[in-house]
Amino acid sequence: MQRPKPKIAIFASGRGSNAEALMHAFERDLLPAQLALVFSNKPQAAVLELATKHGYPCACIPNEGHSRQAHEGLVLETLKQAEIDHVVLAGYMRILTPEFLNGFKSQGGDAIINIHPSLLPDFPGLHSIERQHEAGVVVAGATVHHVIDQVDAGPIILQGSLEVRGDESIEELGRRIREEVEHFLYPRALRLFLDRRYAEKSQSPQNQKALL
Ligand code: GRF
């Protein structure tokens, strides 16, 4: 009998361009998993509209008005109800506490992964694009990594890089990191993670090629 597909929740707080790149990959059947939930902590986040447009279940629990502990408790309950196996952070602007990571694990959840717009371990934390721009780096990029209880420090799954043009603004560099690196990197990294985790090639060779 075929194993049921693992259930994924995407967490995002804003624009959602990475979330949408992942939605496209799910729709092209490139990921051996089910996108079971798109979650935001911001009711106005564009990612919720995108998820609705694409027909995915959405949930929003605003963090405002809740203590961190209470908010995380509600989020964990939502993940439990939806039987989520893996959380994919795509611009989720909240640090997850060790209690949340342990809570997710103890209710049967598995890994949480994140995308960060720099070549980790360089430039972890906030404003990494601005800091790379200011530092005059010649090569910038993005990293998909496992989430642990230290910010942007978990084991790396995949990285992608680009050459920085001397004359571009911070906004332009950020746009290129997203559009030229992240939107290709995240579906591939998630695919790699799932293939390793479940050690089976449930997709046709043609689909595997499509992500290369
Ligand atoms: C991306 O640059 C990602 O690396 C970072 O947050 C940004 C989210 O952008 N974690 P978007 O909402 O996916 O467009």
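Residues numbered from 1 in each chain as written. Predicted model: local features only at pLDDT ≥ 70, side-chain atom pairs only at ≥ 80, totals over all residues. Heavy atoms only, no water.

### A closer look at the site of the ligand
Surveying the vicinity of the ligand reveals the residues Arg-15, Gly-16, Ser-17, Asn-18, Gly-91, Ile-115, His-116, Pro-117, Arg-178 and Glu-182. Contacts to the ligand include Gly-16, whose backbone N or O atom sits 2.8 Å from an oxygen atom. Here Asn-18 contributes a backbone N or O atom positioned 2.8 Å from an oxygen atom of the ligand. Contact with the protein chains covers 87% of the free accessible surface of the ligand, which is 360 Å². (Near = heavy atom within 4 Å. Polar contact = N/O pair within 3.5 Å; in protein donor to acceptor, adjacent residues only side chain to side chain. Areas by Shrake-Rupley, 256 points an atom, 1.4 Å probe, with all protein chains shown as cover.)

### Quick look at the pairing of strand S2 (residues 34–40)
Within S2, 6 of the 7 residues are buried, which leaves the element mostly enclosed by the surrounding structure. Taken together, the 5 bridges between strand S1 (residues 7–11) and S2 define a ladder with parallel strand orientation. Following the sheet pairing, Phe-11 is matched in S2 by Phe-39. In terms of handedness, the path from S1 via helix H1 (residues 17–27) over to S2 forms a crossover that is right-handed. Regarding the hand of the β-α-β motif, the stretch spanning S2, helix H2 (residues 46–54) and strand S3 (residues 58–60) is right-handed. (Buried < 20%, exposed > 50% of the residue type's maximum accessible area, 1.4 Å probe, protein only. Helix = DSSP H or I, 4+ residues; strand = E, 2+ residues; numbered from the N terminus. Pairing = 2+ DSSP bridges. Right-handed = clockwise from strand over helix to strand, strands pointing away.)

### Let's talk about helix H6 (residues 170–198)
With 29 residues, H6 extends 39 Å between its outermost C-alpha atoms, agreeing within 8% with the 42 Å of an ideal straight helix rising 1.5 Å per residue. Helix geometry: H6 is bent most strongly at Glu-182, by close to 45 degrees. Downstream of H6 by one or two residues, Ala-199 has phi in the positive range, about 45 degrees. (Expected span 1.5 Å × (residues − 1). Bend = angle between axes of the 7 residues up to and from the residue.)

### Topic: the side chain of Arg-176
Inspection of the secondary structure assignment puts Arg-176 in helix H6. A distance of 2.8 Å separates the side chain of Arg-176 from the side chain of Glu-168, its partner in a polar contact. Not counting the four nearest positions on each side in its chain, Arg-176 is found in contact with Leu-162, Glu-163, Val-164, Arg-165, Glu-168 and Val-181. (Contact = heavy atoms within 4.5 Å.)

### A look at the environment of Val-138
Mapped onto the elements of the fold, Val-138 is located in the loop between helix H5 (128–135) and strand S6 (139–146). Sequence-wise, Val-138 and Leu-162 are 24 residues apart; in three dimensions their C-alpha atoms are separated by 8.6 Å.

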